[in-house]
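What the coordinates show
Listed below are the residues making up each chain.
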Amino acid sequence: MRTSFVQQGVLKVKRILSCFCVAVALAVFCQASTASAQQASAGNIAVIDIPVIFKNHALFKKQMDELKVSVDAAEQALTQDRDEMKKMVEELQGYKAGTPEYKALEEKMAKVQANLQVKVGMQKKDFMEREARVYFNTYNQVTQTVSTFAQRHHITLVLRYNSNEIDPTNRQSVLEGVNRPVIYQNQIDITYDILNILNNGVQQNAAVPGSQVPQPRF
C-alpha cells in the first residue's frame, strides 16, 4: 500500500512537472511568435522623403525649367509694353491738358493700360494652372510608383517624412518640424529607390541632391 501510494505521488509530481514544462514551452513559443510578428510588421513599413523626391525628380525639374522660360518670355514682353506706356506718358506731357490731342492720347493710354492689366491677369492664371498641373502630375506619378514598388516588395504602409534638419531660428521651419507626421524612423527608407525608378531614362542634368525646387516668378 505504501509503495503504491509513493508511486502515485511520484506519478503526480511527474505530471505536474510535465505540464509545467509544456506551459513554459508554450510561453516561450508565444513570445517568439509575437516578436517575429512585430518584426514582420515593422519590416512592412517604409518611409519616403517627398521633398527630396521633388528636388531631384529630373522630369519635374525639366518641366519647371520650361515653365520658367515661358515666364521669362512673358516678363520680357510685358517690359516692352511698359516701355510703350512710358513713352505715351512722356508724349502726353507735351500736350496741354484739355486739348483734343491730350484727351485722345489719354483715352488711348487708358485702353492700353486696361488691356495690359487683363493680359497680365490671364498670363498669371495660365502660369499658375500650368505649375499646378506639373506638381499634380508629378505627385500622381510618385504615388503610383510607390504603390507598385510597395506591392512588389510586400510593403503594407508607406509614411511620408522629412529628413531636413529643423532650423530653430526659422519660425516656418520649426512649425513644419512640429507638424511632421513621422518623428522617428529606423525602418526602410525607399526615397532613392523610387527616385531611381522615376529618373530612369530621363536626362538628369539638373537633378542634384540638395538643390532647390524651381519656382516660377509670377
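Keep in mind it's a predicted model, so treat the numbers as computed, not measured.

1. Description of the overall build of the protein chain
Across its full length, the protein chain holds six helices and three strands. Traced from its N-terminal end to its C-terminal end, the protein chain shows the element sequence α-β-α-α-α-β-α-β-α. Buried residues in the protein chain amount to 24% of all 218 residues. Contacts spanning at least 24 positions in sequence make up 81% of the contacts within the protein chain whose residues lie at least 6 apart.

2. Re the UniProt feature "coiled-coil region" (unreviewed entry) in the protein chain
Look at the UniProt record and you will see "coiled-coil region" (unreviewed entry) annotated at residues 64-91. As annotated, residues 64-91 has a helix share of 100% and a strand share of 0%, and its two end C-alpha atoms lie 41 Å apart.

3. Here's the deal with the nonpolar core
One finds Ile 48, Ile 53, Val 142, Val 146, Ile 155, Ile 190 and Ile 194 to be the most contacted residues of the largest nonpolar core, which totals 22 residues. Contributions of two or more residues to this core are made by β1 (45-49), α2 (50-56), α3 (58-92), α4 (100-152) and α6 (191-198). Among all residues touching Val 146, those that are not within four sequence positions of it are Ile 48, Val 158, Ile 190 and Ile 194. Counting residues in hydrophobic clusters, the runner-up holds six residues, among them Met 88, Leu 92, Leu 105 and Met 109.

4. Re the packing of aromatic side chains
Inspection of every chain in the model, using the stated rule, returns three aromatic pairs. Here the aromatic rings of Phe 54 and Phe 60 are separated by 5.0 Å at their centres, their planes lie at 85°, and the arrangement is edge-to-face. Residue Phe 54 shares its accessibility class with Phe 60, and that shared class is buried. For the ring pair Phe 54 and Tyr 135, a centre distance of 5.6 Å and an interplane angle of 20° mean the geometry is stacked. Here Tyr 135 lies in helix α4 and Phe 54 lies in helix α2, a separation of 81 residues in the sequence. An aromatic cluster is defined as three or more aromatic residues linked by ring pairs; in this entry it consists of Phe 54, Phe 60 and Tyr 135.

5. Things to note about the side chain of Arg 180
Along the chain, the position of Arg 180 falls in the loop between α5 (171-178) and β3 (188-189). Buried charged residue Arg 180 carries no salt bridge. Nearest counter-charge: Glu 176, at 6.1 Å. Beyond its immediate sequence surroundings of up to four residues, Arg 180 is in contact with Asn 162, Asn 164 and Ile 166.

6. Observations concerning the packing of α4 against α6
For the pair α4 and α6, interaxial distance at closest approach is 10 Å and the crossing angle is 115°. Classified by the angle their axes make, α4 and α6 are roughly perpendicular. Where α4 crosses over α6, the handedness of that crossing is right-handed. Facing Gln 141, Val 142, Thr 145, Val 146 and Phe 149 of α4, the residues of α6 in contact are Asp 193, Ile 194, Ile 197 and Leu 198. Taken together, the residues of the contact of α4 with α6 sort by class into six nonpolar, two polar and one charged.

Criteria and thresholds
- Residues numbered from 1 in each chain as written.
- Predicted model: local features only at pLDDT ≥ 70, side-chain atom pairs only at ≥ 80, totals over all residues.
- Heavy atoms only, no water.
- Helix = DSSP H or I, 4+ residues; strand = E, 2+ residues; numbered from the N terminus.
- Buried < 20%, exposed > 50% of the residue type's maximum accessible area, 1.4 Å probe, protein only.
- Contact = heavy atoms within 4.5 Å.
- UniProt positions renumbered as here; feature names shortened; annotations may be inferred.
- Core = buried A, V, L, I, M, F, W, Y, C linked by side-chain atoms within 4.5 Å.
- Phe/Tyr/Trp six-rings, centres within 6.5 Å; stacked < 30°, edge-to-face > 60°.
- Lys, Arg positive; Asp, Glu negative; His and termini not counted.
- Salt bridge = Lys/Arg side-chain N within 4 Å of Asp/Glu carboxyl O.
- Axes fitted to C-alpha atoms, helices over the stretch in contact; angles between N-to-C directions.
- Parallel < 35°, antiparallel > 145°, perpendicular 65-115°, else oblique.
- Left-handed = near helix turned anticlockwise from the far one by under 90°.
- Nonpolar A, V, L, I, M, F, W, Y, C, P; charged D, E, K, R; others polar.

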